[in-house]
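# Examining the three-dimensional arrangement
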Amino acid sequence: MEISTRSWKAPLPRSYVDFFGRKLIGFLNIVHGLGAFALITLGVMFTKFRTARPVIHPLVVNQISQSGVQLLPMILFLALALGLVIIGQTVSLLNRVGANAYLGTIMVTVVVRELGPLLTALIVLSRAGTANVIELGTARALGEVEALEVLGIDPIHYLVVPRVVGMALGVFSLTVYLILVALVSGYLWAFLQNVPLTPGDYFRQLAESLRGRDFVLLALKTWAFGVIIATVTCFYGLAQPLRLEEVSRAAVRAVAQSVIVCVLVDALFIVIYLVA
Amino acid sequence: MKTPDSSPTPPLPPALEMIGATIGSLVNTDAVVVELANWKMEVGDYWAIGGLQASGKSDFLATAAGIMPPLRGALRVFGQELGLGFEHELMPTRLRVGLVFDGGRLLSHLTILENIALPIRYHQRHASAEAEARIQALLDLTGLEAWADRTPGAMRRNLQQRVGLARALALKPELLLLDNPLSGLDPRDSAWWLDIIDQLCAGHSIMDGRPMTLAVTDDNFAPWRDRARQFALLKNKSFMLLGGRAELLASTDPLVQELLHTEQLAMP
């Protein structure tokens, strides 16, 4: 792997043009490195689809467990809280101003399209993504990656591909659970506040606001978030030689950049929603 | 190269050949650790490569094992050039070379058994029953049966290196490179290692009795003086061929003398 993200260090900026230029070049280098890493991973995923399945499959299952199943209780708790605190309040507020007709639209826009996927992505990033960088960064610093290469095992295939697949599926499934529980618990809150809204009306409104494209785009978006988190965290853990003391800094940078890339992709999806 | 009889079979290509190879560093991508190394290792050779700490022994072996291409020059393993190429073409040749890292470099999330089994399972060389038998034989060879289900973190360093040996032998390589195999070992462990390396050189049942081609690096020539058959030195970024045992002992290079008589330092 010959991906380098060289950064030019300098004292306090004398010229702000230089300063921003350096930042810009650093940013472009990272984009270049990340892009190359993502493409290599994609290539390996397809060319080695059938290679060493008895070794790779358990790793994928393990990753789904780590960034999916094990996060389920936390996601359910958050979904409950989200439903009670935000959605319930919105429902009762809309009722008070007599804007019941917009309820479905607002729920679908806020929970299904935006908050659900993004919140899930952030949870997966904070719980599984950080573990990823630290695990891989330590393995890299201790020379385990070279040990894999000497045994003829492609580190991207063994270390990155299971994480990409596991995280994409993890974020997707957890988002579905989050949305379902948040919508139901939201109604529960409204019910407790005696909002005159029957469950039938509530779910009919939701169903009417949902379009076919919502399902497709939700799947695409959550997969994209999972792939982004896995790629960025693996990139920072693996793609350059690391010393042990640099692992924590790599983790911090990976988390920050995962958030930025996820939000940028989220913004891209808004454009798609507007156009579609 | 001479052919002993008139049979038309061409002579075996050297096990490993470096031609004007400049070797970089795994840790520091900008550094050059060895310049213009020329090395030819025939099948059946037993090399000992001496050098002080930080003389680039590990990077030299990493390059020889094919995980880090030389910055300049060429590397040929069993007659095939290991440069740029398709992985499926190079991989069979690369797997004919095994490397035992200094300290073992085990995968810390796997148990000892999984570490040893990983290359076998990944490359699926054997049917599962045969693979299990091979893994068991490797555990027996290294005396690690009791540790099979523990992780490397629970193990002392001397045993970790043994796991590294078992893992390197898993795919039955023909050429084995050992990086500092005796570092930090007590006399009993050192004796075990020297013995097993001698057996591998002569032909061990774990390798189907086939003699292996070997290269070890060390910061001390004394243990290898009467074992290895060819000697070389890494010094000042250059790879110097010393020759056989007689040439090693006759060498006037002060570093060679120093590395030969390291054991005397311990005895006042």
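The structure presented is a predicted model; accordingly, all values stated were derived computationally and were not measured.

## Side note on the overall build of chain A
A count of helical and extended segments in chain A gives nine helices and zero strands. Going from N to C terminus, chain A has its helices and strands arranged as α-α-α-α-α-α-α-α-α. Along the first, second and third principal axes, the C-alpha atoms of chain A reach 65 × 55 × 35 Å. In chain A, which comprises 276 residues, the proportion classed as buried is 39%. The long-range fraction of contacts in chain A, counting pairs at least 24 apart against all pairs at least 6 apart in sequence, stands at 90%.

## A look at the environment of G243 of chain B
Positionally, G243 of chain B belongs in strand 10 (residues 238-243). Distance from G243 of chain B to D218 of chain B, taken between C-alpha atoms, is 16 Å for residues 25 residues apart in sequence.

## Side note on the pairing of strand 3 (residues 46-51) of chain B
All names here are of chain B. Strand 3 sits mainly inside the fold: six of its six residues count as buried. Burial of the side chains of strand 3 extends over both faces: Y46, A48 and G50 are buried on one face and W47, I49 and G51 on the other. Relative to strand 9 (residues 230-235), strand 3 runs parallel, the two being bridged by five bridges. If you follow I49 over to strand 9, its bridge partner there is A232.

## Describing the packing of helix 4 (residues 103-141) of chain A against helix 7 (residues 199-209) of chain A
Residue and element names in this part refer to chain A. Two numbers describe how helix 4 lies on helix 7: the axes approach to 8 Å, and their chain directions differ by 60°. Classed by the angle they form, the pair helix 4 and helix 7 counts as oblique. Along this stretch, helix 4 crosses helix 7, giving a crossing that reads as right-handed. When helix 4 is examined against helix 7, the residues L103, G104, T105, M107 and V108 are found in contact with a partner set consisting of Q205, L206, E208 and S209. Looking at the contact of helix 4 with helix 7 residue by residue, the class counts come to four nonpolar, four polar and one charged.

## What to know about the interface of chain B and chain A
With 20 residues of chain B at the interface, the matching set in chain A holds 14 residues. Where the side of chain B that touches chain A is concerned, the elements lending two or more residues are helix 2 (87-94) and helix 3 (112-123) of chain B. Top contributing element to the side of chain B that touches chain A by residue count: helix 3 of chain B, with five residues. Among the residues making up the side of chain B that touches chain A, the classes are represented as 13 nonpolar, four polar and three charged.

## Some details on the packing of helix 4 (residues 128-142) of chain B against helix 5 (residues 157-169) of chain B
All names here are of chain B. Here helix 4 crosses helix 5 at 145°, and the two axes come no closer than 10 Å. Where helix 4 crosses over helix 5, the handedness of that crossing is right-handed. Two secondary-structure elements touch here, helix 4 through L138, L139, L141 and T142 and helix 5 through R162, V163, L165, A166 and L169. Its residues assigned to classes, the contact of helix 4 with helix 5 comprises seven nonpolar, one polar and one charged.

Basis of the calculations
Residues numbered from 1 in each chain as written. Chains lettered and ligands numbered in written order. Predicted model: local features only at pLDDT ≥ 70, side-chain atom pairs only at ≥ 80, totals over all residues. Helix = DSSP H or I, 4+ residues; strand = E, 2+ residues; numbered from the N terminus. Buried ≥ 20, exposed ≤ 12 C-beta atoms within 10 Å, placed from the backbone. Contact = placed C-beta atoms within 7 Å. Pairing = 2+ DSSP bridges. Axes fitted to C-alpha atoms, helices over the stretch in contact; angles between N-to-C directions. Parallel < 35°, antiparallel > 145°, perpendicular 65-115°, else oblique. Left-handed = near helix turned anticlockwise from the far one by under 90°. Nonpolar A, V, L, I, M, F, W, Y, C, P; charged D, E, K, R; others polar.

Note that every value here comes from positions in space, so none of it alone points to a role or purpose.
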